[in-house]
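Each chain, written out:
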Amino acid sequence: ADDYSTRRFLPIAVYYSDLELAKHLARREKDLNVRFGRQSRVFMPRFTSDSFTLIHIAVGRKDIEMVRFLVANGADPNIDDGEGMTPLLMSLLEPEPSEEFSLALLALGVSVRTSASAATTPLHRACRLGFGQLVRAILARKPNINARDSRGRTPLHRAMMNIPLDEAMVLSLVAAGADTTAQIPEDTDSAFPGFTMLDLAQGAAVHSPKAAVKLAD
């Protein structure tokens, strides 16, 4: 196969989880971080970026063996799409995210941080999804604990919005240095403008009274 054919068919092999074909084609591809432009949308129809790479495609398929192969052969596990979409963040924005898969990505040494252009962070998403084990694993890697998403919310805010309230998750965030006085901006389109952790705890008392009362003390 010539270089054009290799670059054309390698993402197809990754998409269909054909590891043997991917290995064969990867021998001819000098850059496993190549971006596929509009071709990306064929493999990633749920996302709008034109700058996805092979590792993004593998993450979209939840194919950890393919991800391991790509990383072992030079693919950057922290590459983003130019808009802050790293492989880890992408794994948490999928329609059916898997805590086990995201933990496997962390085991490969991926960063838990994102660029300033990202609308959210892996920690925000893990909190929102109620992935307690992943939250603890991310906290162990010293993320920006008080980072704000595009609506001005911190990971603690996101954790406080879960129903039922996960007391252990909230306490782990507070122990890691989460700002309990941080307010959701008044001018945000969030459903809770101006709310702090304690304000959200009062609302959570309807669904999780014991946990909410303990957190409010």
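Predicted model, so just to flag it, every value in this text is computed and none were measured.

Participant: What is the right way to look at the packing of aromatic side chains in this model?
Facilitator: One pass over the structure, following the stated rule, counts two aromatic pairs. Residues tyrosine 15 and tyrosine 16 carry aromatic rings whose centres are separated by 5.0 Å and whose planes lie at 85° to one another, so their mutual orientation is edge-to-face. Taking the centre distance of 5.3 Å and the plane angle of 55° together, the rings of phenylalanine 192 and phenylalanine 195 count as tilted. One cation-aromatic arrangement involves arginine 61 over tyrosine 15; the distance from NZ or CZ to the ring centre is 4.1 Å.

Participant: Please explain unusual backbone geometry as it appears in this structure.
Facilitator: Working note: non-glycine residues mostly have negative phi, and peptide bonds are mostly trans. The peptide bond linking isoleucine 163 to proline 164 adopts the cis configuration, its omega dihedral lying at -5°. Among the secondary structure elements, proline 164 is positioned in the loop between helix H10 (155–160) and helix H11 (167–175). Positioned with a positive phi, serine 17 is a non-glycine residue whose angle comes to about 55°. Secondary-structure assignment places serine 17 in the loop between helix H1 (3–15) and helix H2 (19–26). Serine 17 gets classed as partly exposed once you look at its relative accessible area, which sits at 36%. Positive phi, normally seen in glycine, also occurs at lysine 142, with a value near 55°. Here lysine 142 is to be found in the loop between helix H9 (132–139) and H10. Of the residues examined, lysine 142 reaches a relative accessible area of 63% and is grouped as exposed.

Participant: Help me understand the pattern of salt bridges in this model?
Facilitator: Any two side chains of opposite charge can pair, given that their charged atoms come close. Taken as a whole, this structure holds three salt bridges when the rule is applied. The salt bridge involving lysine 23 is made with glutamate 20; its shortest N-O contact spans 3.9 Å. Placement of both lysine 23 and glutamate 20 in helix H2 is noted, with a separation of three residues, approximately one turn of the helix. Take lysine 23: its relative accessible area is 31%, and that puts it in the partly exposed class.

Cut-offs used in this document
Residues numbered from 1 in each chain as written. Predicted model: local features only at pLDDT ≥ 70, side-chain atom pairs only at ≥ 80, totals over all residues. Heavy atoms only, no water. Phe/Tyr/Trp six-rings, centres within 6.5 Å; stacked < 30°, edge-to-face > 60°. Lys NZ or Arg CZ within 6 Å of the ring centre and 35° of its normal. Helix = DSSP H or I, 4+ residues; strand = E, 2+ residues; numbered from the N terminus. Buried < 20%, exposed > 50% of the residue type's maximum accessible area, 1.4 Å probe, protein only. Salt bridge = Lys/Arg side-chain N within 4 Å of Asp/Glu carboxyl O.

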